[in-house]
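# Secondary and tertiary structure notes
If you want the building blocks of each chain, they are given just below.
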Amino acid sequence: VQLQAYGGGLVQAGGSLRLSCGASGTIASINAMGWYRQAPGKQRELVARITRTGATNYDEFVEGRFTISRDNAKMTVYLEMNNLKPEDTAVYYCNLEELVGGGLYNRWGQGTQVTVSS
């Protein structure tokens, strides 16, 4: 499984960015896709997640500003980020939860840098 993320960059506070991540390769079954982020000196944390049925959950600090969506046919997940804040600065990682033989496996993309200036 390969995950390729796009869309990171530098933006001023209050601005917007859209991240996208496409999955390719042999995938047994996708349980969910999502985005995590890791700021310097901090642990990786969940930003947003969307299941194969479309159920979503968000980190409390981004809810109302970020929107996750997916295109099942393209095996692509998107993250629309609005009203960005300096504390959103981090490396954002695409995640895919793959169901294989009854087990759940996390697959990760390479990460894309998001920097929000004040």
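Here the structure is shown first, and the text comes after it.
A brief report on the enclosed structure follows. Numbers given to residues run from 1 along each chain, matching the order in which its sequence is written. Under the rules for a predicted model, residues below a pLDDT of 70 receive no local features and side-chain atom pairs below 80 are neither given nor counted, while totals for whole chains, interfaces and linings still include all residues. Excluded from the side-chain calculations are hydrogens and water; all other atoms, namely the structure's heavy atoms, are used.

## Overview of the state of the cysteines
Counted only if it meets this: Disulfides are defined in this document as cysteine sulfur pairs within 2.5 Å. Numbering of helices and strands runs from the N terminus, with a helix taken as a DSSP run of H or I at least four residues long and a strand as a DSSP run of E at least two residues long. Buried means the residue's accessible area, taken with a 1.4 Å probe over protein chains only, is under 20% of the maximum for its type, while exposed means over 50%, and partly exposed covers the values in between.
Scanning the entire structure with this criterion turns up 1 disulfide. Each disulfide pairs two cysteine sulfurs, and for Cys-21 the partner residue is Cys-94, the sulfurs being separated by 2.1 Å. Taking the torsion about the sulfur-sulfur bond, which here is approximately -85°, the covalent link between Cys-21 and Cys-94 counts as left-handed. Of the two residues, Cys-21 is situated in strand 3 (residues 17-24) and Cys-94 in strand 9 (residues 90-100); the sequence distance between them amounts to 73 residues. Of the two residues examined, Cys-21 and Cys-94, each falls in the buried class.

## A look at the packing of aromatic side chains
Condition: Centre distance within 6.5 Å is the pairing criterion for rings of Phe, Tyr and Trp, where only the six-membered ring of Trp is used; planes under 30 degrees apart are then read as stacked, over 60 as edge-to-face, and the remainder as tilted.
Enumeration according to the criterion identifies 1 aromatic pair in this entry. With 5.0 Å between their ring centres and 75° between their planes, Tyr-36 and Trp-108 make a pair best called edge-to-face. Placement of the pair is Tyr-36 in strand 4 (residues 30-38) and Trp-108 in strand 10 (residues 103-108), with a sequence separation of 72 residues. The exposure class assigned to Tyr-36 is buried, which follows from its relative accessible area of 17%. Classification of Trp-108 by relative accessible area gives partly exposed; the value is 36%.

Shape is all these values report; function is a separate question.
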